[in-house]
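Breakdown of the fold
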Amino acid sequence: MPVEVWGTSGRSLVFLPGLGVHPKYYRNAFERVSRDLRIVVPDLSFWTHRRLPGDPLAYLAVARGVAEKLAPDAVWAGHSFGGLLALMSDRPAIACAPSVPAPVGFPRMLGRAVRQQLREYVGLEGWSGFTYAPRIMVDYVRAGFLRPRSLYPGVRSLNAAATSFAIRSPRGVVYLSSPDEMYRAREYEAYLDANADAVRRNPSTIDVRPVPNCHDWPITEPAVLARRLREDVERLA
């Protein structure tokens, strides 16, 4: 399991990228955050694995194994699929545009991903989005053809009831993008309602924050990600 470690601070953060996404896409943020935090990043990407875990529970087991060895007391953070894993952990969590279980078939989810990438292609998400979109598209297309067992099981596992993959984090921050091409507001609402004990009855424990950033903002806006991670770790650690 390749693992990137950034910084030497006594305070640690475990960061989990999106499904199949290589840590390199987040390095602009890591360079900023590593001045204040030690960041541990498991590489569960299409680049380095021919076969990946089949569902969030299996991914979570792998991430826990890495964290127990390298950062047992760390706050967890993640983007998209990684955000869901952070919420499922038993650690304080920062979930950035988290994936959520929703009864959405693969063709519809693919269409949403294409729309998100089109926004990035035409520059609506800034220069970082314009450069990121073609690179991640190549990663996903290559994985779909050459390493299908690393892509499709994870995507299919999220086509599930809102009650699946419950929030276990004792406290955290959830950043919900508005608009978010990948998930509808009603799908986020259903997942949060299904986790009412963790979210609705004690908003100070799981703080849900709408933000005016696209689904990929942790990659396209590294300075924003760095600032939010610093502030939230300070509060959650």
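Structure: above.
Throughout this description, residue numbers start from 1 for each chain and increase along the sequence as written. At least 70 in pLDDT is required for a residue's local features to be given in this predicted model, at least 80 for side-chain atom pairs to be given and counted, and no such filter applies to totals for whole chains, interfaces and linings, which use all residues. Calculation of side-chain values draws on the structure's entire complement of heavy atoms; hydrogens and water are dropped beforehand.

Structural notes on the environment of Arg119
Put simply, DSSP H or I for four residues or longer makes a helix, DSSP E for two residues or longer makes a strand, and each gets a number counted from the N terminus. By secondary structure assignment, the location of Arg119 is in helix α4 (residues 106-121). A relative accessible area of 28% places Arg119 in the partly exposed class. For Arg119 and Glu181, which are 62 residues apart along the polypeptide, the C-alpha to C-alpha distance reads 9.4 Å. The contact criterion used throughout is that any non-hydrogen atoms of two residues lie within 4.5 Å. Excluding anything up to four places from it in sequence, Arg119 contacts Leu124, Glu125 and Glu181. Separated by 2.9 Å, the side chains of Arg119 and Glu125 make a polar contact. Exposure classes here rest on a 1.4 Å probe applied to the protein chains alone. A residue is buried below 20% of its type maximum, exposed above 50%, and partly exposed in between. What qualifies as a polar contact is a pair of N or O atoms within 3.5 Å, subject to a donor-acceptor requirement within protein and to the restriction that residues adjacent in sequence count only when both atoms come from side chains.

What about a nonpolar patch on the surface?
By definition, no residue in a patch forms a salt bridge, and every one has over 30% relative accessible area; like charges are joined within 9 Å, nonpolar side chains (Val, Leu, Ile, Met, Phe, Trp, Tyr) within 5 Å. A 1.4 Å probe and the Shrake-Rupley method give the accessible areas. Residues count as covered only by the protein chains that appear here. Any carboxyl oxygen of Asp or Glu within 4 Å of a side-chain nitrogen of Lys or Arg constitutes a salt bridge here. Together, Met137, Val138, Val141, Phe145 and Leu146 give the surface a local cluster of nonpolar side chains, amounting to about 490 Å² of exposed area. Following the sequence through the fold, Val141 ends up in helix α5 (residues 126-146).

As for the side chain of Glu125
Along the chain, Glu125 turns up in the loop between α4 and α5. Given a relative accessible area of 15%, Glu125 falls into the buried group. If we ignore the near neighbours within four places in the chain, the residues touching Glu125 are Gln116, Arg119, Glu120, Cys214 and Thr220.

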